[in-house]
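What follows is each chain in one-letter form.
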Amino acid sequence: MVKCVKVDKRDAEMLLREIKVCGLLDCKHRIERDENFVYIPLKDAPEELTVLHQKHGEIEFVERNMTRSAERPRHYSESLSLPQEIMKQLPSSFDIVGDIAIIKLPEKLKKHAKEIGDAMLRTYSSVKTVLVDEGVDGDYRIRKVSYAAGEEKTRTLHIEYGLRFEVDLAKVYFSPRLANDRQRICSEIVSPCVVIDMFAGVGPFSVAIAKKHPEARVYAIDINPDAHVLLLKNIVRNRVKNVEAICGDAVVEIQKLPDADYIVMNLPHTAEKFLFLALKKLKRNGKIFLYTICKRDEIRTKVEEIKNKIAETGRKSMVEFHEVHTYSPTSSVFCLIICT
Ligand SMILES: C[S@@+](CC[C@H](N)C(=O)[O-])C[C@H]1O[C@@H](n2cnc3c(N)ncnc32)[C@H](O)[C@@H]1O
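Here the structure is a predicted model, which means the values were calculated and not measured.

Another point: the domain arrangement of the protein chain. In terms of domain boundaries, the protein chain breaks down into domain 1 (2–64), domain 2 (76–153) and domain 3 (176–339). In this assembly, six residues from domain 1 lie in contact with six residues from domain 3. For the side of domain 1 that touches domain 3, the secondary-structure elements that each account for two or more residues are α1 (12–21) and α2 (46–55). At four residues, α1 tops the list of elements feeding residues into the side of domain 1 that touches domain 3. Of the residues belonging to the side of domain 1 that touches domain 3, the class tally is three nonpolar, no polar and three charged.

Residue P192 follows S191 across a cis peptide bond; omega there is 5°. Topologically, P192 is positioned in the loop between α5 (179–188) and β11 (193–197). Although it is not a glycine, Y161 adopts a positive phi angle of roughly 45°. Within the secondary structure layout, Y161 lies in the loop between β9 (155–160) and β10 (163–168). For Y161, a count of 16 C-beta atoms within 10 Å translates into the label partly exposed. Notably, N285 is not glycine yet its phi reads approximately 65°, a positive angle. With respect to the element layout, N285 can be found in strand β15 (residues 282–295). Judged by C-beta crowding, with 8 C-beta atoms within 10 Å, N285 ranks as exposed.

The biggest cluster of nonpolar side chains holds 73 residues, and the ones touching the most others in it are M198, A220, I263, V264 and M265. The dominant element in this core, judged by the number of residues it contributes, is β15, at six residues. Counting the residues that make up this core, at least three belong to each of domain 2 (76–153) and domain 3 (176–339). Beyond its immediate stretch of four places on either side in the chain, V264 contacts I185, V195, D197, M198, F205 and F289. Core analysis: the second largest hydrophobic core is formed by 13 residues, V2, I19, V21 and Y39 among them.

What follows covers the pairing of strand β12 (residues 216–222). Burial runs high along β12: six of the seven residues are buried. Strand direction decides the pairing type here: β11 and β12, joined by five bridges, are parallel. If you follow C193 over to β12, its bridge partner there is A216. Relative to strand β13 (residues 243–247), β12 runs parallel, the two sharing five bridges. Across the sheet, residue I221 finds its bridge partner in β13, namely I246. Tracing the backbone out of β12, into helix α7 (residues 225–237) and back to the parallel element β13 gives a crossover that is right-handed.

So, on to the packing of α5 against helix α6 (residues 204–212). Remark: α5 packs on α6, axes separated minimally by 9 Å, with the N-to-C direction vectors making an angle of 45°. Considering the angle they form, α5 stands oblique to α6. For the pair α5 and α6, the crossing hand works out as right-handed. Taking contact as the criterion, the partners of R182, I185 and C186 in α5 are, on α6, P204, F205, A208, I209 and K212. The residue inventory of the contact of α5 with α6, partitioned by class, reads six nonpolar, no polar and two charged.

A few words now on the environment of I40. By the element assignment, I40 lies in strand β3 (residues 37–41). Under the C-beta neighbour-count criterion, I40 is labelled buried, with 22 such atoms within 10 Å. Distance from I40 to L25, taken between C-alpha atoms, is 7.4 Å for residues 15 residues apart in sequence. Once residues lying within four places of it in the same chain are set aside, the contact partners of I40 are C4, V5, V7, L15, L16, I19, L25 and I31.

Time to look at the sheet that holds strand β14 (residues 260–265). Spatially, seven strands are ordered β13-β12-β11-β14-β15-β17-β16 in an open sheet, and the strand pairing comes out mixed. Of all strands in the sheet, those with a lone pairing partner are β13 and β16 (318–326), marking the two edges. Adjacent strand axes in the sheet meet at a mean angle of 15° when their direction is disregarded. Bridging between β14 and β15 involves five bridges; their strand directions are parallel. Its bridge partner lying in β15, I263 is registered against I288. Here helix α10 (residues 299–312) sits on the sheet and contacts β15, β16 and β17 (331–339); the angle it forms with β16, its principal contact strand, is near 145°.

Looking at α5, one finds that the buried residues are A179, D181, R182 and I185. Buried positions in α5, seen along its axis, are confined to an arc of 165° and lie on one side of it.

The rules behind each value
Residue positions are given per chain, counting from 1 as you read along its sequence in written order. Restriction of local features to residues with pLDDT of at least 70 applies here, the model being predicted, together with a cutoff of 80 or more for giving and counting side-chain atom pairs; totals for whole chains, interfaces and linings are based on all residues. As used throughout, domain bounds are those supplied by an automatic or database domain assignment. Our contact criterion uses C-beta atoms placed from the backbone: two residues qualify when those atoms are within 7 Å. Strands are runs of DSSP state E lasting at least two residues, helices are runs of H or I lasting at least four, and both sets are numbered from the N terminus onward. Each residue gets one label: Ala, Val, Leu, Ile, Met, Phe, Trp, Tyr, Cys and Pro are nonpolar, Asp, Glu, Lys and Arg are charged, and the others, such as Gly, are polar. The burial label depends on the number of other C-beta atoms within 10 Å of a residue's C-beta. Counts of 20 or more mean buried, 12 or fewer mean exposed, and intermediate counts mean partly exposed, with C-beta atoms placed from the backbone. By convention in this section, buried Ala, Val, Leu, Ile, Met, Phe, Trp, Tyr and Cys residues joined through C-beta atoms within 7 Å make up a nonpolar core. The pairing criterion for strands is at least two bridges between them, as found by DSSP. Look down the strands so they point away from you; if the path from the first strand over the helix to the second goes clockwise, the crossover is right-handed. Helix axes are fitted to C-alpha atoms over the stretch in contact, other axes to C-alpha atoms as well, and angles between N-to-C directions run from 0 to 180 degrees. Throughout, the term roughly parallel applies to angles under 35 degrees, roughly antiparallel to angles over 145, roughly perpendicular to angles from 65 to 115, and oblique to all others. Note on convention: near helix rotated counterclockwise from far helix by under a right angle means a left-handed crossing. Clockwise means right-handed. As used here, the arc is the angular range of directions from the helix axis to the C-beta atoms.

Pasting the structure below:
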């Protein structure tokens, strides 16, 4: 018997993405379907399963006889033979942007980057390049990457819910882990409306919102000129006519824009320091989607602090939050939905 999630087939794509991102998918068994439900086999990882359960209280875990997958390797670690000590430290999850895999390696494993990269290329036929994630840094939030295996490139085309984004991982920030959340934000929006995406990057929020809401007017600001150029391309590539791309500092540029019904603030390490600026631009009953990194056991305190600070400006607010993905063993990225 295999532990799996039983999920309504309409919700399966979103949940499967999340399960993959968490490294929870048991690749040794097949995903199965019946008329109404999809059964996704899970690895035995109690901590991650608890997080998944907390996020999706309504999902059902069941034990089921599942068919084994064909015997070709499903995870890159199965086609690697390194000393046991090293094998134990191999990361189970990694990101895929377009046809580039990006993996974070503990310091001790970096000298095996080429072998690990080659194993990934052998295992995942859609991956053409493997890069090592050396951490995100600076105002532009650019990920430092080093080459591990495959084609030597950092530029790729990433497809997310049918939208296509050109990304250069050495020049701009992009995270595929927010795919589900971008859809969630799109469904929170009611148009016609004005939306300001203060930290737009190559445009995954702006373009998704504009596509879903042709009657919305979306202003997409980014300070990184490389991100701005890719954003312009992504607007054309996805044939959206209602996004205005602005290259500059959000602190300055937002002041020139009309008042907004919705403001997206995806700059998790520092977005809070821009909150009051955003509040000044927000129409009454508008909503701010603010992404932040916080220890999981401190998020409620943080929400209360934010509500109190907003109250000091004479505005009443309601703040809802949800966890987007884990960031470290104790902290996660959260999205705060601030209505005021
Ligand atoms: C975490 S990334 C998010 C990008 C995009 N929203 C996404 O989901 O891929 C934050 C972005 O904010 C931009 N940024 C940082 N400070 C800024 C500022 N003061 N004004 C405008 N953009 C800024 C960075 O260049 C970066 O592209």
